[in-house]
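Understanding the architecture of this molecule
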Amino acid sequence: MSVFLKMSVSVTLRPFARFLVPFTLHRKRRNLCSTILHRCLSSKIPAVPCPNKEGTSAPEQLELDGWKATMKSSVQEAISTGFSDKDEDPLVATRELIEMWRLLGKEVPEHITEEELKTIMECPSKSSKKKYLKYLYIKENLKKARQIKKEMKAAAKEEAKKVKLLETTEEDKQQNFLFLRLWDRNMNIAMDWKGAQAMQFGQPLVFDMIYDNYMKPKELQNAVSQLLESEGCNRRNIDPFHIYFCNLKINGAYHRELVKRYGEKWDKLLLTATEKSYVDLFPKDDIIYLTADSPNVMTTFRHDKIYIVGSFVDKAMQPGTSLAKAKRLKLATECLPLDKYLQWDIGTKNLTLDQMMRILLCLKNSGSWEEALKFVPRRKHSGYLEVSQQSRDFVNKLKKVKTFNSFPKGSLNVLTQKR
């Protein structure tokens with residue numbers, strides 16, 4: 001019966017053995033640990049012998065002052081060595097770091113200057129160092145690309161020269177052309193020759209430089225720009241004027257600006273710059289002052305007169321300044337016949353210095369007001385005035401009268417009798 005019970009228990013518990021075994025093992029282990037702990041606690045702890053205060057000698061007292069002195073000296077030596085290392089090690093460490101990044105294939109430039117290396121050292125973080133190195137890398141690549149492009153252009157140019165030399169033959173070299181090529185140097189020589197002739201035999205044209213105190217610095221700069229344009233236009237003309245810069249104060253505002261603009265060419269210009277007045281250089285009877293405020297209208301260009309143009313950019317609208325100066329000097333004044341030939345719309349009748357120069361040159365060479373007044377800006381007028389039919393008939397009548405009076409008396413009667 002007992003055997004049967006054992007067998008039945010084993011049969012019934014066999015399916016759960018897989019789950020019951022770990023619990024049993026843990027239970028045994030827990031019992032074992034508790035027994036070992038109990039034995040250790042129940043065992044007698046050996047007593048630690050206490051030293052006898054009376055029998056033992058007192059420990060030696062430490063020398064605190066000496067210990068502090070030694071510690072301070074060691075700290076100072078460490079600080080000094082640290083500072084000396086900082087002066088040398090950061091550069092080396094930075095170079096090694098850059099070299100390591102270069103070996104890893106990162107974007108690092110090949111050549112780095114000392115200033116760039118110091119800038120990298122001053123970067124607060126690693127990412128900022130990488131960004132700066134990337135910037136230097138891109139900059140170096142762009143420089144290399146420009147250099148390569150430049151070398152390729154030079155090589156292509158040399159190759160084209162070689163090809164051109166191979167293609168040219170002796171017949172091409174000896175070929176005659178109809179037109180002669182004019183180089184810039186030859187053109188400059190020809191213009192200088194014309195300027196030298198104008199200085200000896202040309203008609204004078206005077207720019208009055210006394211108005212530097214009437215203008216602001218910006219207006220004076222504009223006036224100098226117009227003078228430069230006028231001088232260039234006159235130099236390129238077929239029959240140039242002999243330009244005079246009168247009342248030009250040495251080291252004055254006008255003089256400084258002109259020397260600044262022309263530079264070394266100022267002393268080589270074929271013109272006359274003087275501090276004297278035009279009244280001291282020419283007779284008053286031959287001088288005509290051109291001003292827009294004059295009541296006298298200019299009808300024709302006179303080659304025996306000396307025309308004065310005021311170097312004055314009047315943006316502040318100061319009318320009558322040049323006219324008053326001419327009246328004080330008792331000079332003849334004239335103005336251009338703008339209302340006679342042009343339909344004036346807006347703006348003042350004050351023209352720029354370069355426009356006056358072009359108009360006077362055209363009048364001097366052609367004598368035509370229609371051609372000369374083409375240099376007046378179109379924004380100021382709407383075209384030329386049309387001649388009325390009555391004036392045309394009057395002109396035709398005058399022509400007929402002149403032709404009729406040109407025959408001698410009795411000539412017509414002789415002709416009729418012969419017929």
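What comes next concerns the included structure.

Below, the discussion takes up the overall build of the protein. When helices and strands are counted, the protein shows 16 helices and eight strands. Buried residues in the protein amount to 27% of all 419 residues. Of all intrachain contacts in the protein linking residues separated by at least 6 positions in sequence, the fraction that spans at least 24 positions is 76%.

Right, let's get into the pattern of salt bridges. Close approach of charged atoms allows side chains of opposite charge to pair. Scanning the entire structure with this criterion turns up eleven salt bridges. Between Glu257 and Arg261 there is a salt bridge; the shortest N-O distance is 3.2 Å. Taken together, the positions of Glu257 and Arg261, both in helix 9 (residues 253-262) and four residues apart, correspond to about one turn of that helix. Classification of Glu257 by relative accessible area gives buried; the value is 12%. Among the charged side chains, a salt-bridge network with shared partners connects Glu229, Asp354 and Arg358.

Further remarks concern the pairing of strand 5 (residues 306-310). Among the five residues that make up strand 5, five are buried, leaving the element largely enclosed by the rest of the structure. Looking at chain direction, strand 1 (residues 204-208) and strand 5 are connected through four bridges and run parallel. The residue of strand 5 that forms the bridge with Val206 is Ile308. When strand 4 (residues 287-290) meets strand 5, the two strands line up parallel, connected through four bridges. Bridge pairing in strand 5 places Ile287 opposite Ile306.

Centre distance and the angle of the planes are the two values used to describe a pair of aromatic rings. On inspection of all chains with the given rule, the structure shows eleven aromatic pairs. Between the aromatic rings of Tyr262 and Trp266, the centroid separation amounts to 5.9 Å while the plane-to-plane angle is 40 degrees, which identifies the pairing as tilted. Just as Tyr262 is buried, Trp266 falls in that class too. Among the aromatic residues, ring-to-ring pairing joins Tyr211, Tyr214 and Phe312 into one connected group.

Attention now goes to the packing of helix 8 (residues 217-236) against helix 9. Relative to each other, helix 8 and helix 9 sit at 55 degrees, their axes nearing to 10 Å. In terms of orientation, helix 8 lies oblique with respect to helix 9. Of the two possible hands of crossing, helix 8 and helix 9 adopt the one that is right-handed. Where helix 8 abuts helix 9, its residues Leu220, Gln221, Ala223, Val224, Ser225, Leu227, Leu228 and Glu231 lie against Ala253, Tyr254, Glu257, Leu258, Arg261 and Tyr262. Residues of the contact of helix 8 with helix 9, tallied by class, amount to nine nonpolar, two polar and three charged.

Next up on the list: the nonpolar core. Core analysis: the biggest nonpolar cluster contains 57 residues, and Phe207, Phe245, Tyr254 and Tyr278 have the highest contact counts within it. Top element by residues in this core is helix 13 (residues 353-365). It accounts for eight residues. If we ignore the near neighbours within four places in the chain, the residues touching Phe207 are Leu227, Ser230, Ile243, Tyr244, Phe245, Cys246, Val309, Ser311, Leu353 and Met357. In terms of nonpolar packing, the next biggest core, distinct from the first, is built from seven residues, Trp101, Ile120, Leu133 and Leu136 among them.

When we look at burial in helix 11 (residues 321-328), the residues that qualify are Thr321, Ser322, Leu323, Lys325 and Ala326. Structurally, helix 11 contributes buried residues whose contacts are with strand 1, helix 10 (278-281), strand 4 and strand 6 (332-334). Phi for Lys330, located one or two positions after helix 11, is positive at around 60 degrees.

Turning our eyes to something else, we now look at the sheet that holds strand 6. Pairing in this open sheet of six strands is parallel, and the strands run 3-2-1-5-4-6 from one edge to the other. In the strand order of this sheet, the two ends are held by strand 3 (272-273) and strand 6, each with one partner.

Reading the values: the criteria
- Residues numbered from 1 in each chain as written.
- Predicted model: local features only at pLDDT ≥ 70, side-chain atom pairs only at ≥ 80, totals over all residues.
- Heavy atoms only, no water.
- Helix = DSSP H or I, 4+ residues; strand = E, 2+ residues; numbered from the N terminus.
- Buried < 20%, exposed > 50% of the residue type's maximum accessible area, 1.4 Å probe, protein only.
- Contact = heavy atoms within 4.5 Å.
- Salt bridge = Lys/Arg side-chain N within 4 Å of Asp/Glu carboxyl O.
- Pairing = 2+ DSSP bridges.
- Phe/Tyr/Trp six-rings, centres within 6.5 Å; stacked < 30°, edge-to-face > 60°.
- Axes fitted to C-alpha atoms, helices over the stretch in contact; angles between N-to-C directions.
- Parallel < 35°, antiparallel > 145°, perpendicular 65-115°, else oblique.
- Left-handed = near helix turned anticlockwise from the far one by under 90°.
- Nonpolar A, V, L, I, M, F, W, Y, C, P; charged D, E, K, R; others polar.
- Core = buried A, V, L, I, M, F, W, Y, C linked by side-chain atoms within 4.5 Å.

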